[in-house]
Amino acid sequence: MDHHDQTIKDFGEQWLKYSDNEGYYGSLELFEDILSPFLRPNEIKGCKVAEIGSGTGRIANMVLAAGVRHVIAVEPSDAFKVLIRNIVDPERVTCLKITGDQLPPYGDLDYIFSIGVLHHVRDPGPVVRAAFRALRPGGRFLVWLYGKEGNSLYLLLLKPLRIITKHLPHSILATLVEIIYRPIAFYIKLCRRFPLPLRGYMLWVFERFSPGKRRLAIYDQLNPSYAKYYSQKEAKGLLGGMGFANVLVHHRHGYSWTVIGTKP
Ligand SMILES: C[S@@+](CC[C@H](N)C(=O)[O-])C[C@H]1O[C@@H](n2cnc3c(N)ncnc32)[C@H](O)[C@@H]1O
């Protein structure tokens, strides 16, 4: 099995174990934070949008809460059945069990979102090209990616750990998450007082999650077969090199990149 198929399989299994979107993790408030500073949720009201890599449907439900007219939710893994189950307003949603590169060339979408997905795709070019074709002229593609900048110390720890953890079965990985959970709670306390690595993420995102979603966030770092941490240049080039104009990047909470581009 290649990386592409294995990563999709990993997520299928992950989302069957962590299937709900409760609390801040699935909230409009978090969506507002993800879109900032490029968009506000009320700007997508009445729009036709797509979301690539929907997982359990939390982002699809966020765009519904923001008032979109219709959302096309794309999810290739076994999480598709979780997605269908979790969607709050099925009449405004079309769910497609396809990979992002197979998104039909609608040509009339106002926005496409892909949050936490393209850094798990070894060759994201075909997905970006499919998004470009599916947008209307003037339509915008917003992507959120793991960042390289701001994560150097973290990656020194994570990369060797992942060599092992990405192969672990669920029960062992979930036990490891339990072991890591308490030291992270202590680390958050330290982040409140000192400017430590990942401070922005810890205080503005992770700490606001419920205990269950904090465990998922740790698991999600250790489980997927493929994960790339993008430099600012690579993040900008992802859309800029594919025909998108006005490509802007934002270093979200100092650990990740939000990228937005417009189809000319
Ligand atoms: C980290 S999850 C993010 C889920 C969702 N966007 C969210 O923020 O909750 C990444 C998702 O992308 C999906 N995925 C992986 N490769 C993909 C591809 N080539 N095209 C579309 N989705 C893909 C995975 O199955 C997984 O559900």
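Up top you'll find the structure we're talking about.
Description of the structure in this document.

Calculation criteria
Residues numbered from 1 in each chain as written. Predicted model: local features only at pLDDT ≥ 70, side-chain atom pairs only at ≥ 80, totals over all residues. Heavy atoms only, no water. Near = heavy atom within 4 Å. Polar contact = N/O pair within 3.5 Å; in protein donor to acceptor, adjacent residues only side chain to side chain. Areas by Shrake-Rupley, 256 points an atom, 1.4 Å probe, with all protein chains shown as cover. Helix = DSSP H or I, 4+ residues; strand = E, 2+ residues; numbered from the N terminus. Nonpolar A, V, L, I, M, F, W, Y, C, P; charged D, E, K, R; others polar. Phe/Tyr/Trp six-rings, centres within 6.5 Å; stacked < 30°, edge-to-face > 60°. Buried < 20%, exposed > 50% of the residue type's maximum accessible area, 1.4 Å probe, protein only. Lys NZ or Arg CZ within 6 Å of the ring centre and 35° of its normal. Expected span 1.5 Å × (residues − 1). Contact = heavy atoms within 4.5 Å. Salt bridge = Lys/Arg side-chain N within 4 Å of Asp/Glu carboxyl O. Pairing = 2+ DSSP bridges. Right-handed = clockwise from strand over helix to strand, strands pointing away. Core = buried A, V, L, I, M, F, W, Y, C linked by side-chain atoms within 4.5 Å.

## Observations regarding the site of the ligand
Phase 1: The environment of the ligand is made up of 21 residues, and the closest members are Gly53, Arg58, Glu75, Gly100 and Ile115.
Phase 2: At 2.7 Å from an oxygen atom of the ligand is found a side-chain nitrogen or oxygen belonging to arginine 58.
Phase 3: The backbone of isoleucine 115 places a nitrogen or oxygen atom 2.9 Å from a nitrogen atom of the ligand.
Phase 4: In the complex, 97% of the free accessible area of the ligand, which totals 600 Å², lies under the protein chains.
Phase 5: Counting residues per element, the ones that place at least two in the shell around the ligand are α1 (3-17), β1 (48-52) and α3 (58-65).
Phase 6: With 4 residues, α1 is the largest single contributor of residues to the shell around the ligand.
Phase 7: Looking at the shell around the ligand residue by residue, the classes come out as 9 nonpolar, 8 polar and 4 charged.

## A closer look at the packing of aromatic side chains
Phase 1: Considering all chains together, one arrives at 13 aromatic pairs under this definition.
Phase 2: Here phenylalanine 31 and phenylalanine 113 contribute two aromatic rings whose centre-to-centre distance is 5.8 Å and whose plane-to-plane angle is 70°, an arrangement assigned as edge-to-face. Here phenylalanine 31, found in helix α2 (residues 28-35), pairs with phenylalanine 113, found in strand β4 (residues 109-115); they are 82 residues apart in sequence, far enough to count as distant. Just as phenylalanine 31 is buried, phenylalanine 113 falls in that class too.
Phase 3: For the ring pair tyrosine 201 and phenylalanine 206, a centre distance of 6.0 Å and an interplane angle of 55° mean the geometry is tilted.
Phase 4: The positively charged end of lysine 228 is found above the aromatic ring belonging to tyrosine 230, 4.9 Å away from the centroid.
Phase 5: One cation-aromatic arrangement involves lysine 263 over phenylalanine 132; the distance from NZ or CZ to the ring centre is 5.0 Å.

## Considering helix α6 (residues 152-165)
Phase 1: Across its 14 residues, α6 extends 19 Å between first and last C-alpha, which sits within 8% of the 20 Å expected from 1.5 Å per residue.
Phase 2: Three or more residues of α6 are buried, namely Leu155, Leu158, Arg162 and Thr165.
Phase 3: Here the buried face of α6 lies against α7 (170-193) and α9 (211-222).

## Quick notes on the pattern of salt bridges
Phase 1: Evaluation of the coordinates by the stated rule reveals 11 salt bridges.
Phase 2: The salt bridge partner of arginine 252 is aspartate 33, with a shortest N-O separation of 2.5 Å. Highlighted residues: arginine 252 in strand β6 (residues 245-252) and aspartate 33 in helix α2, separated in sequence by 219 residues. Accessibility classification places arginine 252 together with aspartate 33 in one group, the buried group.
Phase 3: The residue arginine 192 makes a salt bridge to glutamate 207 at a minimum N-O spacing of 2.3 Å. Here glutamate 207 lies in the loop between α8 (199-204) and α9 and arginine 192 lies in helix α7, a separation of 15 residues in the sequence.
Phase 4: The exposure class of arginine 192 is partly exposed, given its relative accessible area of 46%.

## Remarks on the pairing of strand β3 (residues 93-96)
Phase 1: Direction of pairing for strand β2 (residues 70-74) relative to β3: parallel, over a ladder of 4 bridges. By the bridge assignment for β3, alanine 73 is matched with cysteine 95.
Phase 2: Regarding the hand of the β-α-β motif, the stretch spanning β2, helix α4 (residues 80-86) and β3 is right-handed.

## Some remarks on the nonpolar core
Phase 1: If you look at the biggest cluster of nonpolar residues, it comprises 57 residues, and the most contacted ones within it are Phe31, Phe113 and Tyr201.
Phase 2: If near-sequence neighbours (up to four positions away) are discounted, phenylalanine 31 is found in contact with Pro41, Ile44, Ile59, Met62, Val63, Ala66 and Phe113.
Phase 3: Core analysis: the second largest hydrophobic core is formed by 29 residues, Ile72, Val127, Ala130 and Phe141 among them.

## Side note on the environment of lysine 81
Phase 1: Along the chain, lysine 81 turns up in helix α4.
Phase 2: Between the alpha carbons of lysine 81 and leucine 16 there is a distance of 8.8 Å; along the sequence they are 65 residues apart.

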